[in-house]
Amino acid sequence: MTTIPVYSPDIGAAEVENAVDCIKRGMLSGTIGGDYNGEFETLVSKQCGASHGITTTSGTTALALAVACIGVGEGDEIIVPASTNIATALAVTYTGATPVFIDSESDTWCMDCELLPSLVTPRTRAIMPVHLYGHPADMDAIMDVADRHNLVVIEDNAEAQGANYKGRATGGIGHIGCLSFYINKVLTTGEGGMLVTNDEEIAARARLLKNLAYSERDRC
Ligand SMILES: *Cc1c(COP(=O)(O)O)cnc(C)c1O
């Protein structure tokens, strides 16, 4: 019987060389000692069409950081797909806000945007589309509802790095995009994630919250 693996990391000589170089030069935490991390943030955010990238320890922490950055809490609602990795909903519950689940389209399995307007209430603060199994959610319909109700859109792009929606890379279409570099994702760092955004204020807040509110200058 032939087994078709769900994932199979492709680690070549360059990856090994760079990992060894990184360890030897002591670039172990954040940007301390050098800038492999910063270069990675630039490359991935650019690929998503976003101007800022902030690495995190996982896709889950990228999502949690994104929701923390928009300042929601108890009593607030965020619309989340009913079918997704549990990390999407956990990012909401960590803050005390309530995930409001939206059903899926039968063909793409992404959120059914026709249902979106019926789920928006005066407490809704954000929508978290998930580009499930690499298929982009209908971002035009989502951004339209978000614009009309002044909602933040956080794309869970953990499964869709490199995907395109109408010629635009996913992850950089909403206000914030989140990626995962877990071993079974499109690109892996072993563990890891990233928050990407075109919003300078969100980027600054994400950098601060990620680093226990130390400034880069203070922490050594
Ligand atoms: C994998 C995944 C996550 C979580 O990423 P981790 O790096 O494993 O924490 C979040 N959302 C979706 C849709 C995922 O597939």
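A brief structural summary. From a predicted model like this one, the values you see are computed outputs, not experimental measurements.

**Quick notes on the overall build of the protein**
Inference 1: Tallying secondary structure elements over the protein gives seven helices and nine strands in all.
Inference 2: Relative to a compact globule of 220 residues, whose C-alpha radius of gyration would be 17 Å, the protein shows 18 Å and is just as compact.
Inference 3: In terms of principal-axis extent, the alpha carbons of the protein reach across some 55 × 55 × 30 Å.
Inference 4: Burial statistics for the protein: of 220 residues in total, 44% are counted as buried.

**Considerations on unusual backbone geometry**
Inference 1: For Tyr133, which is not glycine, the phi dihedral falls at a positive 50 degrees.
Inference 2: Mapped onto the elements, Tyr133 comes out in the loop between strand E4 (124-127) and helix H6 (139-149).
Inference 3: The exposed category is assigned to Tyr133, whose relative accessible area is 64%.
Inference 4: The phi dihedral of Leu212 is positive, around 55 degrees, even though this residue is not glycine.
Inference 5: By the secondary structure assignment, Leu212 is in the segment after helix H7 (200-210).

**Here we look at the site of the ligand**
Inference 1: In the region of the ligand, 15 residues are neighbours, and Gly59, Thr60, Glu159, Ser180 and Lys185 sit closest.
Inference 2: Thr60 has a polar side-chain atom sitting 2.5 Å from an oxygen atom of the ligand.
Inference 3: Taking Asp156, its side chain carries an N or O atom lying 2.7 Å from a nitrogen atom of the ligand.
Inference 4: Within the complex, the protein chains bury 91% of what would otherwise be the 380 Å² of accessible surface of the ligand.
Inference 5: Considering every element that reaches the shell around the ligand, the biggest residue donor is helix H3 (residues 59-69), with three residues.
Inference 6: Of the residues belonging to the shell around the ligand, the class tally is five nonpolar, seven polar and three charged.

Thresholds applied
- Residues numbered from 1 in each chain as written.
- Predicted model: local features only at pLDDT ≥ 70, side-chain atom pairs only at ≥ 80, totals over all residues.
- Heavy atoms only, no water.
- Helix = DSSP H or I, 4+ residues; strand = E, 2+ residues; numbered from the N terminus.
- Rg over C-alpha atoms; globule rule 2.2 N^0.38 Å.
- Buried < 20%, exposed > 50% of the residue type's maximum accessible area, 1.4 Å probe, protein only.
- Near = heavy atom within 4 Å.
- Polar contact = N/O pair within 3.5 Å; in protein donor to acceptor, adjacent residues only side chain to side chain.
- Areas by Shrake-Rupley, 256 points an atom, 1.4 Å probe, with all protein chains shown as cover.
- Nonpolar A, V, L, I, M, F, W, Y, C, P; charged D, E, K, R; others polar.

Spatial relationships are all this shows, so hold off on functional conclusions.
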